[in-house]
Amino acid sequence: MAHYGVLAALVEIWRVPVLIATTVGFTVGGLVNYALSRRLIFASDAGHHVALPKFFTVAILGAVANWFVVAWLIERGGMHYLFAQLCATGTVLFWNFAANHLWTFRK
């Protein structure tokens, strides 16, 4: 939700280019996701010094994949940026969850 709110605000209000806005939104969403994932989804007691670098490694790879999917769907597929972002989210979600489950917050 944070990702989409930041994305839409940057594009619609401040006229930031979509690919920059989606990257900023992904970053904000990543910070929120870390807090929620650590506590609620994975119930991890891993120290921040251990989990945070791993989480952001996964997130950076996810952000790169997100950027490419959005760019490709907009430029090649002619999709509206929010629909392209929805498709990218569906794709990257699986990567992020699996990598965080198997590596970042592994017990």
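Our structure's up above, just so we're on the same page.
How each quantity is defined
Residues numbered from 1 in each chain as written. Predicted model: local features only at pLDDT ≥ 70, side-chain atom pairs only at ≥ 80, totals over all residues. Heavy atoms only, no water. Helix = DSSP H or I, 4+ residues; strand = E, 2+ residues; numbered from the N terminus. Buried < 20%, exposed > 50% of the residue type's maximum accessible area, 1.4 Å probe, protein only. Polar contact = N/O pair within 3.5 Å; in protein donor to acceptor, adjacent residues only side chain to side chain. Contact = heavy atoms within 4.5 Å.

A.B. asks: I keep staring at unusual backbone geometry and nothing clicks. Help me out?
C.D. replies: Most of the time, phi is negative for any residue but glycine, and the peptide bond is trans. Located in the positive-phi region is R15, a residue other than glycine, with phi close to 55°. Structurally, R15 can be placed in the loop between helix 1 (2-12) and helix 2 (18-41). Within the chain, A43 stands out as a residue other than glycine whose phi angle is a positive 45°. Mapped onto the elements of the fold, A43 is located in the loop between helix 2 and helix 3 (48-75). Judged by relative accessible area, which is 47%, A43 ranks as partly exposed.

A.B. asks: Would you explain the side chain of N96 in this entry?
C.D. replies: Note on placement: N96 falls in helix 4 (residues 81-104). Polar contacts involving the side chain of N96 include one to the side chain of W95, which spans 3.4 Å. The residues contacting N96, other than those within four sequence positions of it, are F26, V58 and G62.

A.B. asks: Sorry, what's going on with the side chain of S44 here?
C.D. replies: Note on placement: S44 falls in the loop between helix 2 and helix 3. For S44, a relative accessible area of 14% gives the class buried. Within the structure, the side chain of S44 is placed 3.0 Å from the backbone nitrogen of A46, a separation counted as a polar contact. Apart from residues lying up to four places away in sequence, S44 is in contact with R38 and F105.

So yeah, pure geometry; function would need other evidence.
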